[in-house]
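Coordinate inspection notes
Listed below are the residues making up each chain.
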Amino acid sequence: MKRTVIYPIANGNYTDSNIELILSLRSLEANLREEFQVIVISEREPMYLSDEVMFAKCDSYSHAMQLACSIDKEFLWMNDDIMFLRPHTWDQLKKWARGDSEVSESRIQKMTEGNGWSKRKGQVLSKLAEENKTTYDYSTHLPYHYESEKLATLLDSGDFNFGYKTPVETAYGNSYDVERRDQCNKLSRHHNRHLPVDPTKYHFLNYSDAADLPHVRGFLLGMFSKPSRFEDFGKLSLDTLTLEQLK
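Owing to the predicted nature of the structure, the values given are computational and were not obtained by experimental measurement. (Residues numbered from 1 in each chain as written. Predicted model: local features only at pLDDT ≥ 70, side-chain atom pairs only at ≥ 80, totals over all residues. Heavy atoms only, no water.)

1. Description of the pattern of salt bridges
Applying the stated criterion across every chain yields a total of twelve salt bridges. A salt bridge links Glu34 to Arg3; the nearest nitrogen and oxygen atoms lie 3.8 Å apart. You can see Glu34 sitting in the loop between helix H1 (18–31) and strand E2 (36–42) and its partner Arg3 sitting in strand E1 (residues 3–9), a full 31 residues away along the chain. With relative accessibility at 25%, the residue Glu34 sits in the partly exposed group. Its relative accessible area of 15% is what places Arg3 among the buried residues. In this structure, the salt-bridge partner of Lys127 is Glu131, at a minimum N-O distance of 4.0 Å. A relative accessible area of 25% places Lys127 in the partly exposed class. Through salt bridges that share partners, Arg3, Glu34 and Glu74 make up one connected network. (Salt bridge = Lys/Arg side-chain N within 4 Å of Asp/Glu carboxyl O. Helix = DSSP H or I, 4+ residues; strand = E, 2+ residues; numbered from the N terminus. Buried < 20%, exposed > 50% of the residue type's maximum accessible area, 1.4 Å probe, protein only.)

2. Section: helix H2 (residues 61–69)
All of the buried residues along H2 are Tyr61, Ala64, Met65, Ala68 and Cys69. The arc that holds the buried residues of H2, viewed along the axis, is 140°, so those residues lie on one side. In this fold, the buried residues of H2 make contact with E1, E2, strand E4 (74–77), strand E6 (144–147), helix H6 (148–157) and helix H7 (168–175). (Arc of directions from axis to C-beta. Contact = heavy atoms within 4.5 Å.)

3. Some thoughts on the packing of helix H4 (residues 105–112) against helix H5 (residues 116–130)
Where H4 contacts H5, the axes come no closer than 7 Å and their chain directions differ by 135°. It follows from the interaxial angle that H4 and H5 lie oblique. The handedness of the crossing between H4 and H5 comes out as left-handed. Residues Ile108, Met111 and Thr112 of H4 form the contact with H5, whose participating residues are Ser118, Lys119, Lys121, Gly122, Gln123, Leu125 and Ser126. Looking at side-chain class alone, the contact of H4 with H5 contains three nonpolar, five polar and two charged residues. (Axes fitted to C-alpha atoms, helices over the stretch in contact; angles between N-to-C directions. Parallel < 35°, antiparallel > 145°, perpendicular 65-115°, else oblique. Left-handed = near helix turned anticlockwise from the far one by under 90°. Nonpolar A, V, L, I, M, F, W, Y, C, P; charged D, E, K, R; others polar.)

4. Focus: the confidence of the model for the protein
Mean pLDDT over the protein: 84, with 84% of residues reaching 70 or higher. Taken together, the stretch residues 12–17 has pLDDT below 50 and engages in 16 contacts with residues farther than four places along the chain or on a different chain. Within the model, pLDDT remains below 50 along residues 239–247, and this stretch shows ten contacts once partners closer than five positions in the same chain are excluded. (pLDDT = per-residue confidence, 0-100.)

5. Thoughts on the sheet that holds strand E7 (residues 186–188)
Here three strands make up an open sheet; going across it, the order is E5-E8-E7 and the pairing mixed. In this open sheet, the two strands that pair with only one neighbour each are strand E5 (82–84) and E7. Averaged over all adjacent pairs, the angle separating strand axes in this sheet is 15°, with direction ignored. Sheet topology note: the E5/strand E8 (residues 204–206) ladder contains three bridges and is antiparallel. Each bridged residue has a counterpart across the sheet, and for Met83 the counterpart in E8 is Leu205. (Pairing = 2+ DSSP bridges.)

This is the structure we're talking about:
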């Protein structure tokens, strides 16, 4: 059975993120122990990927999630700043990382009084509490395994005021009592100053907005030097990029 992996990408030009997506796909091919297909959902089709990557056009993040639910009965929701550092099976990915305890009422209230993403997550947690559901924080920016029917029901319910990048994963994880993953070590942007490190100690790397740091790029390029089947060397490859571009 071929699994489905979906990348929602905000900027169809990929002027700034092309290296990240290529490296993420390389890490996926090296470490996902399943047969899988890759679908990119974006405003514009990326021209440097091979025909192994399917493309679906969307006009917003919420539209991308709705579209994903119509593609397959289950899928892995990825981002181009996430790297697999260890081998994983599909069943392992069905378990999600989350906090050890539920988010407290006072913490939720503080979130809702903030701005941006934190405020939206606080609103989601507040709504979960109103509905007498658990309030664990599942927003860990890792790969998420979704069941399409469940996600579509959640998106269409109107219970949550979902917008761009609202923490849908926290609503989903608590609404459907997703099984917790006990061991999930992640390198994040807070670790960037310590790179290089022993990658075998970690399951994933999420470098977020720090990917342009030269030592981070060098670390990733060294780890994932082998091309994947998702690249089209006739359009763009890491081998043809200049040193200035890599910086």
